[in-house]
Amino acid sequence: MVSGVLDNPRELSALDSMGMFQAAWNLPEQCEKAWSLVGEASLPEVADWRQILVTGLGGSAIGGDLLRVFAADKLHLPVLVNRDYTLPWFVNKYTFVFAVSYSGNTEETLSAYDAARERGASVVAITAGGKLGEKAAADGQTVIRVPGGIAPRAATGYLFIPMVAVLERLGFFSGMQAEVEGLSAHLQELRDRYGPQTATRENLAKQLALNLQGRLPVIWGASGTTEVVAQRWKGQFNENAKAPAYWNVFPELNHNEVVGFEQPEDLLGRIWIIILKDDADHPRVRLRMKITREMVSKAAGLTEVFASGPTELARLYSLIYLGDYASMYVAALAGIDPGPVRVIDYLKNELAKHE
Ligand SMILES: O=P(O)(O)OC[C@H]1O[C@H](O)[C@H](O)[C@@H](O)[C@@H]1O
């Protein structure tokens, strides 16, 4: 196994201009801090809400998907995620809205925030500042201010856990502090396994990166459990490794994507499938994964990875953490700085010319 740069922490940090590895290392503490941020903040009064809607993009929207999956068997209200300038027609004063933007300057989220206010929805903003923080504060809305200074995708604890804390304080969840503490403790164990100081021969994240080097990651999760993790992995390979990646979920992929492994052979030979598994996967989905693995592994490389941890959140984040590290190691193997996303910066600058 030629791991080169992966086993040289100094080389890894020399590549990393934005401290992405440090931010990943700090995720357990970030999760605990994120819980405490809601503290005594004044929150909207519980009303006759009919749905919860999270509006955001990228790393800020993934927190909404985490909430959607996590809340599905706990809340009597549906959680919907909105990644757009506009809001669905049903949003009104009976909707509880989280407007989430780490920078506070994502134009789609600012526009959706305005729409939510116009429709009379109760809004809680989660942000490190920016225009969203200013607007929401000026409107007298609750603003949960999270610490700034890292990339939004590295702030997944800050962008998700405050929603859980708000919902606990409003009486929708209970026992979540222990859940978050369990999550933090488990992530502390995992960083010792996946972090830069742990050699490749004992480090699953580095081993995965070696499998994925020069290949196209295709990440498969399961509906209702790891679906959000699959999407997160895809985004992390895109933004950290600056590489294409694709995701899908069982059982849906058994009805279309699984047929697509006959040709073209040269492309199939460069695909590496990751199947994300969790104890809570439906038993039929587990069987589908086993049969599918036997079918597709003749055509493409494949690794199965398993969620670990004492609680549901710990399990979800155990896989997120593995993908975060693996994607940064893939970047390192290609000599790429995991931090800057110049393509997105360019896009935003071009858009700004037409304001
Ligand atoms: O959380 P926000 O500041 O609104 O950012 C939303 C998204 O914006 C950009 O596109 C970044 O590159 C993403 O990483 C980020 O998740």
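Residues numbered from 1 in each chain as written. Predicted model: local features only at pLDDT ≥ 70, side-chain atom pairs only at ≥ 80, totals over all residues. Heavy atoms only, no water.

### Topic: a nonpolar patch on the surface
Judged by side-chain polarity, Leu287, Ile291 and Met295 come together as a nonpolar surface patch covering roughly 250 Å² of accessible area. Residue class for Leu287 comes out partly exposed when judged on its relative accessible area of 38%. (Patch = residues over 30% accessible without salt bridge, like charges linked within 9 Å, V, L, I, M, F, W, Y side chains within 5 Å. Areas by Shrake-Rupley, 256 points an atom, 1.4 Å probe, with all protein chains shown as cover. Salt bridge = Lys/Arg side-chain N within 4 Å of Asp/Glu carboxyl O. Buried < 20%, exposed > 50% of the residue type's maximum accessible area, 1.4 Å probe, protein only.)

### Describing helix H13 (residues 312-333)
Relative to the 32 Å expected for 22 residues at 1.5 Å per residue, H13 spans 32 Å between its end C-alpha atoms, a close match to the ideal helical length. With respect to burial, H13 is a largely interior element, 21 of its 22 residues being buried. Residue Gly335 follows H13 closely and has a positive phi angle near 70°. (Helix = DSSP H or I, 4+ residues; strand = E, 2+ residues; numbered from the N terminus. Expected span 1.5 Å × (residues − 1).)

### Looking at empty space enclosed by the protein
Applying the stated criterion to the full structure yields one cavity of 30 Å³ or more. For the largest cavity, the full set of lining residues is Met20, Ala23, Ala24, Leu27, Arg153, Ala154, Thr156, Arg232, Gln236, Asn240, Asp324 and Met328. Residues of the lining of the largest cavity, tallied by class, amount to six nonpolar, three polar and three charged. Here the lining of the largest cavity spans two domains, and each of domain 1 (3-17 + 194-333) and domain 2 (22-174) adds at least three residues to it. (1 Å grid on protein atoms, 1.4 Å probe; cavity = no way out; pocket = protein on both sides within 12 Å on 5 of 7 lines; lining within 4 Å. Points joined across faces, edges and corners; volume = space filled by probe spheres on them. Nonpolar A, V, L, I, M, F, W, Y, C, P; charged D, E, K, R; others polar. Domains from an automatic or database assignment.)

### Looking at the site of the ligand
The immediate surroundings of the ligand are formed by 13 residues, with Gly59, Ser60, Ser101, Ser103 and Thr106 found nearest. Contact between the ligand and Gly59: an oxygen atom at 2.6 Å from a main-chain N or O atom of the residue. Take Ser60: an N or O atom from its side chain is 2.5 Å from an oxygen atom of the ligand. Bound to the protein, the ligand loses 91% of the 390 Å² it would expose on its own. Secondary-structure elements contributing two or more residues to the shell around the ligand are helix H4 (58-71) and helix H14 (342-352). (Near = heavy atom within 4 Å. Polar contact = N/O pair within 3.5 Å; in protein donor to acceptor, adjacent residues only side chain to side chain.)

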